[in-house]
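# Examining the three-dimensional arrangement
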Amino acid sequence: MRFIHTADWQIGKSFRRYGDKESVLRRARLDAIERIGALARSENAPFVMVAGDVYDHFAPSDQTAGEPVERMRAFPDVQWLLLPGNHDPHRADAVWDRLLRRGLPGNVIPVLDARPMELAPGVALLPAPLLRNSETSDLTRWMDEAPSAPGAIRIGLAHGAVTGFGEQQEAANVIDPGRAKSAGLAYLALGDWHRTLQINERVWYSGTHEPDRAGGQKSGQALLVEIDGPQAPPRVSLREVGAFRWETTTFDLAGATADDVEARLRALPDLPRTLLRIGFSGAAPLALRAEAERRIETLR
């Protein structure tokens, strides 16, 4: 069994603070879908599982709702399984009902019910879609008792914060990190955390496909997951699918020149694809800071 695990596309996300770059960043989130499709095709992975937050809002415009569908339609040999998350929960008459009324290509499948789905002979998907932004109970609990064929590979798909995970201990939409063990899952694909992260052998966050903030994931990732059998440990490989890199750096201006600042910037790899959050430290003349900022602006 081979599939791609991705999450947190948040199509329609606003980037107004970035001025004329907003349209570029919004388009990048769509273009990354095409790279995910190409990855699935090249890796012979027939399924792409999106673990929540396909959209940034549960009621996007018709144009915003349709844009990712057209990207997925272009890969008819790939099945796209879309789980509602906390940004785009399955509310009545919201984005998922609207898409179903409009009609979707056969390879684009919203996963709207917490019930087992047979993906292929001997492979069961156990999804936990969100029906509202915030749930107080663990929606993956039903997986423990979910039926599947004897010897089936059981794959969980959910969106939320694993309990006991750092600052998210008190967060809504909590998920037991031991769910894979208690439910006999070969793999639990998670969304919500925007960094690629392994929780344990069978539980992973894919991270976002295109970063959206400084200080978070630096580059967009998707995961290639390979599972040989229900008891076999999954083999997970990181694949870069994002267009832009987000970096944070600080310049110590004490004893530096504007030439030093510019040289350090130009030494960054792949500068045209980098969004950089810059801080300054150290005592320096105001004229130096002004000139350093002017040099930075010329590199935009």
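Here's a quick rundown of the structure. For every chain, the first residue of its written sequence is number 1, and the numbers climb from 1 along that sequence. In keeping with the model being predicted, local features are shown solely for residues with a pLDDT of at least 70 and side-chain atom pairs are shown and tallied solely at 80 or more, while totals for entire chains, interfaces and linings include all residues. Processing note: side-chain calculations cover all non-hydrogen atoms of the structure and skip hydrogens and water entirely.

## Regarding the overall build of the chain
Numbered from the N terminus, helices here are DSSP runs of H or I no shorter than four residues, and strands are runs of E no shorter than two. Regarding its fold elements, the chain presents six helices and 16 strands. Rg of the C-alpha trace for the chain: 21 Å, near the compact-globule value of 19 Å for 300 residues, within the 12% margin. For the chain, the spread of C-alpha atoms along the three principal axes comes to 70 × 40 × 40 Å. Taken over 300 residues, the chain has a buried fraction of 50%. Contact criterion: two residues are considered in contact whenever any of their non-hydrogen atoms come within 4.5 Å of each other. Within the chain, counting contacts between residues at least 6 apart in sequence, those at least 24 apart form 69% of the total. For the area figures, the Shrake-Rupley method with a 1.4 Å probe applies, and any residue is considered shielded solely by the protein chains shown. Summing over all exposed atoms, the chain offers an accessible surface of approximately 13600 Å²; the carbon and sulfur share of this is 50%. We compute the radius of gyration from the C-alpha atoms alone; for a globule the expected value is 2.2 Å times N to the 0.38, where N is the number of residues. Per-residue accessibility, obtained with a 1.4 Å probe over protein chains only, is compared with the maximum for each type, and a residue is labelled buried under 20%, exposed over 50%, and partly exposed between these values.

## Section: the packing of helix 1 (residues 22–42) against helix 2 (residues 62–73)
Between helix 1 and helix 2, the least distance of the axes is 8 Å, while the angle of their chain directions is 30°. One element, helix 1, and the other, helix 2, form an angle in the roughly parallel class. Classified by chirality, the crossing of helix 2 by helix 1 is right-handed. Residue-level inspection shows R26, R27, L30, D31, I33 and E34 of helix 1 in contact with helix 2, the latter providing T64, E67, P68, R71 and M72. Its residues assigned to classes, the contact of helix 1 with helix 2 comprises four nonpolar, one polar and six charged. Under this scheme, a helix contributes an axis fitted over its contacting stretch, all axes are lines through C-alpha atoms, and angles between N-to-C directions fall in the 0 to 180 degree range. An angle counts as roughly parallel when it lies under 35 degrees, as roughly antiparallel when it exceeds 145, as roughly perpendicular when it falls between 65 and 115, and as oblique in every other case. Crossing handedness is read from the near helix: turned anticlockwise from the far helix by less than a right angle, it gives a left-handed crossing, and turned clockwise, a right-handed one. Note on residue classes: Ala, Val, Leu, Ile, Met, Phe, Trp, Tyr, Cys and Pro are nonpolar, Asp, Glu, Lys and Arg are charged, and everything else, Gly too, is polar.

## Comments concerning the environment of R17
Relative to the helices and strands, R17 is located in the loop between strand 1 (2–6) and helix 1. A residue is classified by how much of its surface remains accessible, and R17, at 75% relative accessible area, is exposed. In sequence terms R17 and I4 are 13 residues apart; their C-alpha atoms lie 32 Å from each other.

## Considering unusual backbone geometry
A positive phi angle, near 55°, is found at N173, a position not held by glycine. Among the secondary structure elements, N173 is positioned in the loop between strand 8 (161–162) and strand 9 (174–175). The buried category is assigned to N173, whose relative accessible area is 8%. Phi at D192 takes a positive value of approximately 120°, unusual for a residue other than glycine. Following the sequence through the fold, D192 ends up in the loop between strand 10 (187–191) and strand 11 (197–200).

## Quick look at the packing of helix 2 against helix 3 (residues 95–102)
It is at 11 Å that the axes of helix 2 and helix 3 come closest, and there the two elements cross at 70°. The pairing of helix 2 with helix 3 is recorded here as roughly perpendicular in orientation. Between helix 2 and helix 3 lies a crossing of right-handed hand. Judged by residue contacts, D62, A65, G66 and V69 of helix 2 engage V95, R98, L99 and R102 from helix 3. Partitioned by chemical class, the residues of the contact of helix 2 with helix 3 number four nonpolar, one polar and three charged.

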